[in-house]
Amino acid sequence: MPSETLAADLLQRAADMVPILREREAAARQAGQVSDETIQAFTDAGFFRVLQPRRYGGYELPPSVYAGITRTLAQGCMASAWVYGVVAVHNWQLALFDDRAAQDVWGEDDSVRISSSYMPVGKVERVDGGYRLSGRWAFSSGSEHCSWVILGANLPRADGNPGAEPYNFLVPRADYQILSTWNVMGLQGTGSNDILVEDAFVPEHRVIREFDMFRIDCPGHAVNHGALYRIPFAQIFNRTVSTSSLGSLQRALEVFVQATREKRATYTGARLAGDTTIQEAVADVMMTLDDLDLRLQRDLTELMVRAEANDWPIERRAELGASTTSMVSRCVAAVDKLMLFSGGKAIYRGHVVQNAFLDIHTARAHVANNPYPYVRNQGAMAFGAPNDCFDL
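Residues numbered from 1 in each chain as written. Predicted model: local features only at pLDDT ≥ 70, side-chain atom pairs only at ≥ 80, totals over all residues. Heavy atoms only, no water.

**Brief notes about the overall build of the protein chain**
Then, in step 1: Counting its regular elements, the protein chain contains 13 helices and 7 strands.
Then, in step 2: Taking the principal axes of the C-alpha coordinates as reference, the protein chain spans close to 80 × 50 × 45 Å.
Then, in step 3: Here the protein chain holds 392 residues, and 55% of them are scored as buried.
Then, in step 4: Long-range contacts, defined as pairs at least 24 residues apart, comprise 72% of the intrachain contacts of the protein chain with a sequence gap of at least 6.
Then, in step 5: Here the protein chain has roughly 17000 Å² of accessible surface; of this, 52% comes from carbon and sulfur atoms.
Then, in step 6: Charged side chains of the protein chain number 37 positive and 46 negative; the gap between the two group centres comes to 5 Å. (Helix = DSSP H or I, 4+ residues; strand = E, 2+ residues; numbered from the N terminus. Buried < 20%, exposed > 50% of the residue type's maximum accessible area, 1.4 Å probe, protein only. Contact = heavy atoms within 4.5 Å. Areas by Shrake-Rupley, 256 points an atom, 1.4 Å probe, with all protein chains shown as cover. Lys, Arg positive; Asp, Glu negative; His and termini not counted. Charge placed at Lys NZ, Arg CZ, Asp CG, Glu CD.)

**Considerations on the pattern of salt bridges**
Then, in step 1: Within this structure, the stated rule accounts for 25 salt bridges.
Then, in step 2: Across the pair Asp212 and Arg209 runs a salt bridge, and its minimum N-O distance is 3.2 Å. Of the two residues, Asp212 and Arg209, neither departs from the other in class, the shared state being buried.
Then, in step 3: The salt bridge involving Asp212 is made with Arg215; its shortest N-O contact spans 3.0 Å.
Then, in step 4: The class for Asp212 is buried, based on a relative accessible area of 13%.
Then, in step 5: Through salt bridges that share partners, Glu165, Arg209, Asp212, Arg215 and Asp217 make up one connected network. (Salt bridge = Lys/Arg side-chain N within 4 Å of Asp/Glu carboxyl O.)

**Structural notes on the pairing of strand 2 (residues 130-140)**
Looking along a regular strand, one sees the side chains alternate between the two faces of the sheet.
Then, in step 1: Two elements, strand 1 (residues 114-127) and strand 2, share 5 bridges in a ladder whose sense is antiparallel. Among the inter-strand pairings, Lys123 is bridged to a residue of strand 2, identified as Ser134.
Then, in step 2: The turn linking strand 1 back onto strand 2 is made up of 2 residues, and Gly129 within it adopts a positive phi angle of 85°. (Pairing = 2+ DSSP bridges.)

**Let's talk about the packing of helix 1 (residues 3-31) against helix 2 (residues 36-45)**
Then, in step 1: Put simply, helix 1 and helix 2 touch, their axes get as near as 11 Å, and they point 170° apart. Judged by the angle between their axes, helix 1 and helix 2 are roughly antiparallel. In this structure, helix 1 contributes Leu10, Arg13, Met17, Leu21 and Arg24 to the contact, and helix 2 contributes Glu37, Thr38, Ala41, Phe42 and Ala45.
Then, in step 2: Partitioned by chemical class, the residues of the contact of helix 1 with helix 2 number 6 nonpolar, 1 polar and 3 charged. (Axes fitted to C-alpha atoms, helices over the stretch in contact; angles between N-to-C directions. Parallel < 35°, antiparallel > 145°, perpendicular 65-115°, else oblique. Nonpolar A, V, L, I, M, F, W, Y, C, P; charged D, E, K, R; others polar.)

**Quick notes on the pairing of strand 1**
Then, in step 1: Sheet topology places strand 1 next to strand 3 (residues 148-156); 6 bridges connect them, and they run parallel. By the bridge assignment for strand 3, Ser117 is matched with Leu151.

**Thoughts on the state of the cysteines**
Then, in step 1: A complete count under the given rule lists 0 disulfides for this structure.
Then, in step 2: Counting only cysteine sulfurs, Cys218 is the nearest neighbor of Cys389, a cysteine outside any disulfide, at a range of 18 Å.
Then, in step 3: The buried category is assigned to Cys389, whose relative accessible area is 9%. (Disulfide = S-S within 2.5 Å.)

**Details of the environment of Thr277**
Then, in step 1: Structurally, the position occupied by Thr277 is in helix 9 (residues 276-309).
Then, in step 2: In sequence terms Thr277 and Leu358 are 81 residues apart; their C-alpha atoms lie 23 Å from each other.

**Remarks on the sheet that holds strand 4 (residues 164-172)**
Then, in step 1: The strand order across the open sheet built from 7 strands is 5-6-2-1-3-4-7, with neighbouring strands paired in mixed fashion. If you trace the sheet from one side to the other, it starts and ends with strand 5 (177-179) and strand 7 (207-209), each paired once. Direction aside, neighbouring strands of the sheet carry axes that sit 25° apart on average.

**Here's the deal with the environment of Glu165**
Then, in step 1: Along the chain, the position of Glu165 falls in strand 4.
Then, in step 2: Its relative accessible area of 9% is what places Glu165 among the buried residues.
Then, in step 3: Separated by 61 residues in the primary sequence, Glu165 and Gly226 have C-alpha atoms spaced 28 Å apart.
Then, in step 4: The residues touching Glu165, leaving out its near neighbours within four places in the chain, are Ala153, Asn154, Leu155, Pro156, Arg157, Ala158, Arg209 and Phe211.
Then, in step 5: At a separation of 2.7 Å, a polar atom in the side chain of Glu165 contacts the main-chain amide nitrogen of Ala158.
Then, in step 6: Polar side-chain contacts of Glu165 include one of 3.1 Å to the side chain of Arg209. (Polar contact = N/O pair within 3.5 Å; in protein donor to acceptor, adjacent residues only side chain to side chain.)

In structure tokens:
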């Protein structure tokens with residue numbers, strides 16, 4: 001099937017799932033997990049294969065398809081879209097590891113899934129053939145639906161200078177526990193629980209240096225030659241945790257407009273749809289969505305163009321980094337307006353606008369959605385300062 005046809009088919013499958021995800025959303029919040037049925041539906045639809053290497057049954061489609069699926073699914077359930085986006089991106093990252101790691105994960109079953117927690121909190125000891133890893137990591141979204149996890153830990157700098165730098169360690173399910181800790185205000189269905197590892201051996205080929213992903217020089221490039229795998233890690237991953245907010249905001253806007261269309265003020269009886277302040281708020285949210293969608297498509301297209309040309313000037317990487325990490329903050333400001341004008345009914349649990357309000361605010365708490373380090377770095381570089389942001 002031609003790539004364009006496959007991409008269109010996948011996006012249509014995502015759109016077809018939106019009503020089903022809406023029906024399952026309350027149950028996912030209550031359970032603190034997206035259901036097995038939803039994950040299986042994503043698997044059957046081929047969503048997890050979008051960024052996966054062809055040599056392991058994947059489609060190797062552009063990141064715009066992956067982001068489009070995430071955005072669409074979020075119109076049904078933002079937590080389900082979040083889990084999809086976070087889990088699916090690991091099929092892309094695994095292509096950057098030594099190929100023996102991919103053989104370990106997909107050698108017998110190329111539908112095996114991976115979760116992560118990149119915070120470099122692990123304790124590491126170098127041993128013959130690899131490392132001994134211990135620690136406890138938080139925020140591993142979708143971990144109950146995965147058989148492997150990628151975990152962060154620091155090691156001494158490879159260049160011999162003082163200090164440490166982050167590495168990622170790939171660990172099988174037999175070597176870690178999932179601790180039920182996910183009791184949060186939003187995105188409850190992501191099941192982003194803690195991971196506990198107690199003295200697990202991780203062979204050398206299942207470890208990757210984050211700086212190698214930054215400079216686009218990874219062991220997996222020896223076998224995965226496509227341009228898709230020559231994009232800086234953060235330029236893909238940061239969009240993983242920002243894109244779903246767009247779909248959630250769009251759904252909230254649609255519900256708000258429909259509910260307000262015939263609503264009248266309690267005391268005056270005036271139609272709220274005629275209130276110019278509310279009209280301006282709706283227009284502002286519409287323009288925010290339009291702006292962010294245009295920026296997202298522009299940036300994702302540019303990622304592939306630059307990957308194919310191997311053209312990654314650090315100044316542009318800084319601009320692209322600031323572009324994506326500022327998206328959720330704008331969604332927060334937009335959904336706040338919808339919540340403000342939604343009235344008393346929106347304070348009842350389960351209200352669509354309230355759900356979007358809580359979910360988007362929760363997404364903003366992710367470190368990759370904190371725009372300040374990125375925009376400050378971009379502004380400083382405009383004045384001639386060196387890049388000060390490793391995560392670009």
